[in-house]
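# Fold and contact review
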Amino acid sequence: MNPRVTAVILNTNRREDTLACLASLARNTDRELSIIVLDNASTDGSVEAIHAAYPEVRIIALTENKGYAGNNNVGIAAALADGADWVLVLNEDTVPAPDCIERLVATGESDPHIAFVGPLVLHYDEPEVIQSAGVTLSRAWDSRHLGQDEPDHGQFTLAHAVPALSGCALLVRAVAIRDFGALDERFFYYFEETEWCVRATRHSWKIIQEPKARLWHKGVQRNYKPGPSVTYYNVRNRFLMMSLHQAPPAAWAGAWLQTARTLTSWTVKPRWQHMRPHRDALWQGTLDFLRGRWGMRPT
């Protein structure tokens, strides 16, 4: 019997992207796929359009915005309740290749100790350029995408273990979720998928990137310039992850030094005056970590 896979897709007023993602899933070669769309109070006709085009897709209306972590946890819980063997947490702005899910599942099923499998993520607007071949952590526990912005010339061919994966597409074993838990809702947005993978590793599970499974992601293009909110969540949640997993003193020293240098540069150097909103967000995120203030960034 083939493993049962449930894809969980979060949509917030991204009707066309979500429909395109569902169209790609309709072409997938894994016939044991169920789909749950989590709708975050969309006002662009998403729900009606999805119902009309894909009546077999289950839509769950979210009653509260809990960010990437909390919102996706609603779908993860529903998938587990429905008896899924694997849960595919998928961004609405992704387009998986037809055999992507089948390849991910095959890799996951090859070893019962694998908790997460992720595809080779490529830029949607540059289909032959890599966005992520897995995520690694620096000595200061900052995240870096392997192969980012490199032309894909076959440098990643074999499945390999990584510290973490891109959050735009995560295949997670149901048994593993029951062991180490779902996403930590304190993160709200950013670093939550990295912490999830780190937590899995601490519970002796494996994280695998499968380059033969391919997926195109519209977000985080080469010229991506995140706003101040990303700066806020990045610093606060990086420190939160470090505290949860007992990062070594050298990592803390590096992270604090990096933060202090950035704050100083964005404050005193004229060339960085345009980064003042990011400076304020960096300072706010640092203070909120020290205060233990989690969830959505206060306005």
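In short, a report on the structure. (Residues numbered from 1 in each chain as written. Predicted model: local features only at pLDDT ≥ 70, side-chain atom pairs only at ≥ 80, totals over all residues. Heavy atoms only, no water.)

The end-to-end C-alpha distance of helix 8 (residues 249-268), which contains 20 residues, comes to 28 Å, matching closely the 28 Å that a straight helix rising 1.5 Å per residue would cover. For helix 8, the full list of buried residues reads Ala251, Trp252, Ala255, Thr259, Leu263, Ser265 and Trp266. On its buried face, helix 8 sits against helix 7 (228-244) and helix 9 (276-291). (Helix = DSSP H or I, 4+ residues; strand = E, 2+ residues; numbered from the N terminus. Expected span 1.5 Å × (residues − 1). Buried < 20%, exposed > 50% of the residue type's maximum accessible area, 1.4 Å probe, protein only. Contact = heavy atoms within 4.5 Å.)

Of all 7 residues making up strand 1 (residues 5-11), 7 are buried, and the element is well covered by its neighbours. The alternating pattern of strand 1 places Val5, Ala7, Ile9 and Asn11 on one face and Thr6, Val8 and Leu10 on the opposite face, and all of these are buried. Bridging between strand 1 and strand 2 (residues 33-39) involves 7 bridges; their strand directions are parallel. Residue Asn11 lies in a different strand from strand 2, and its bridge partner there is Asp39. At this point the chain moves from strand 1, through helix 1 (residues 15-26), to the parallel strand 2, and the crossover so formed is right-handed. By the bridge criterion, 6 bridges tie strand 1 to strand 4 (residues 86-91) in an arrangement that is parallel. When the sheet's bridge partners are listed, Val5 is paired in strand 4 with Trp86. (Pairing = 2+ DSSP bridges. Right-handed = clockwise from strand over helix to strand, strands pointing away.)

In this structure the tally under the stated criterion is 16 salt bridges. Salt-bridge contacts for Arg222 lead to Glu126; the nearest nitrogen and oxygen are separated by 3.0 Å. Of this pair, Arg222 sits in the loop between strand 12 (206-217) and helix 7 while Glu126 sits in the loop between strand 6 (114-123) and strand 7 (130-132), and the two are 96 residues apart along the sequence. One salt bridge connects Arg199 with Glu195, and the closest N-O pair in it is separated by 2.8 Å. Note that Arg199 and Glu195 are positioned in helix 6 (residues 192-202) at a spacing of 4 residues, about one turn of the helix. Like Arg199, the residue Glu195 is buried in the burial classification. Salt bridges here are not isolated pairs; linked through shared partners, they connect Arg14, Asp17, Glu92, Asp93 and Lys218. (Salt bridge = Lys/Arg side-chain N within 4 Å of Asp/Glu carboxyl O.)

Turning our attention to the packing of helix 8 against helix 9. Where helix 8 meets helix 9, the closest approach of the two axes is 9 Å, and the angle between their N-to-C directions is 145°. The chirality of how helix 8 crosses helix 9 is left-handed. On helix 9, the residues touching Trp252, Trp256, Thr259, Thr262, Leu263, Trp266 and Thr267 of helix 8 are Arg276, His278, Arg279, Leu282, Trp283, Thr286, Phe289 and Leu290. When grouped by side-chain class, the residues that make up the contact of helix 8 with helix 9 number 8 nonpolar, 5 polar and 2 charged. (Axes fitted to C-alpha atoms, helices over the stretch in contact; angles between N-to-C directions. Left-handed = near helix turned anticlockwise from the far one by under 90°. Nonpolar A, V, L, I, M, F, W, Y, C, P; charged D, E, K, R; others polar.)

This paragraph deals with helix 3 (residues 67-81). Since the α-helix advances by 3.6 residues per turn, residues separated by three or four positions end up pointing in the same direction. Its 15 residues give helix 3 an end-to-end C-alpha distance of 21 Å, which sits within 8% of 21 Å, the value for a rise of 1.5 Å per residue. Burial analysis of helix 3 places 12 of its 15 residues in the buried class, which makes it a mostly covered element. Taken as a whole, helix 3 has its buried residues at Gly67, Tyr68, Ala69, Gly70, Asn71, Asn72, Asn73, Gly75, Ile76, Ala78, Ala79 and Leu80.

One finds Leu22, Leu25 and Ile35 to be the most contacted residues of the largest nonpolar core, which totals 36 residues. Taken together, the elements giving at least two residues each to this core come down to strand 1, helix 1, strand 2, strand 4, helix 4 (100-109), strand 6, strand 11 (169-173) and strand 12. Look past the residues within four positions of Leu25 in its chain and what remains in contact with it is Ala7, Ile9, Leu33, Ile35, Leu90, Pro96 and Ile101. With 33 residues, the next largest nonpolar core counts Ala79, Val135, Ala176 and Phe180 among its residues. (Core = buried A, V, L, I, M, F, W, Y, C linked by side-chain atoms within 4.5 Å.)

Structurally, Arg236 can be placed in helix 7. Here the side chain of Arg236 touches Asn237 through a polar contact of 2.9 Å, side chain to side chain. Here the side chain of Arg236 touches Gly295 through a polar contact of 2.9 Å, landing on its backbone oxygen. Discounting residues that sit within four places of it in the chain, Arg236 has contacts with Arg186, Phe187, Phe188, Gly285, Asp288, Phe289, Arg293, Trp294 and Gly295. (Polar contact = N/O pair within 3.5 Å; in protein donor to acceptor, adjacent residues only side chain to side chain.)

Let's shift gears to a nonpolar patch on the surface. Judged by side-chain polarity, Tyr189, Val220 and Tyr224 come together as a nonpolar surface patch covering roughly 240 Å² of accessible area. Residue placement: Val220 occurs in the loop between strand 12 and helix 7. (Patch = residues over 30% accessible without salt bridge, like charges linked within 9 Å, V, L, I, M, F, W, Y side chains within 5 Å. Areas by Shrake-Rupley, 256 points an atom, 1.4 Å probe, with all protein chains shown as cover.)

Our next topic: the environment of Arg139. Structurally, the position occupied by Arg139 is in the loop between strand 8 (135-137) and strand 9 (143-145). The exposed category is assigned to Arg139, whose relative accessible area is 81%. Residues Arg139 and Thr259, spaced 120 residues apart in sequence, show a C-alpha to C-alpha distance of 14 Å.

Right, let's get into the pairing of strand 3 (residues 58-61). Note that strand 2 and strand 3 share 4 bridges and pair parallel. Each bridged residue has a counterpart across the sheet, and for Leu38 the counterpart in strand 3 is Ile60.

Okay, the side chain of His245 next. Following the sequence through the fold, His245 ends up in the loop between helix 7 and helix 8. Using a relative accessible area of 6% as the deciding quantity, one classes His245 as buried. Polar contacts involving the side chain of His245 include one to the side chain of Glu195, which spans 2.8 Å. When residues no more than four places from it in sequence are discounted, the contact partners of His245 are Trp141, Glu195, Val198, Arg199 and Arg202.

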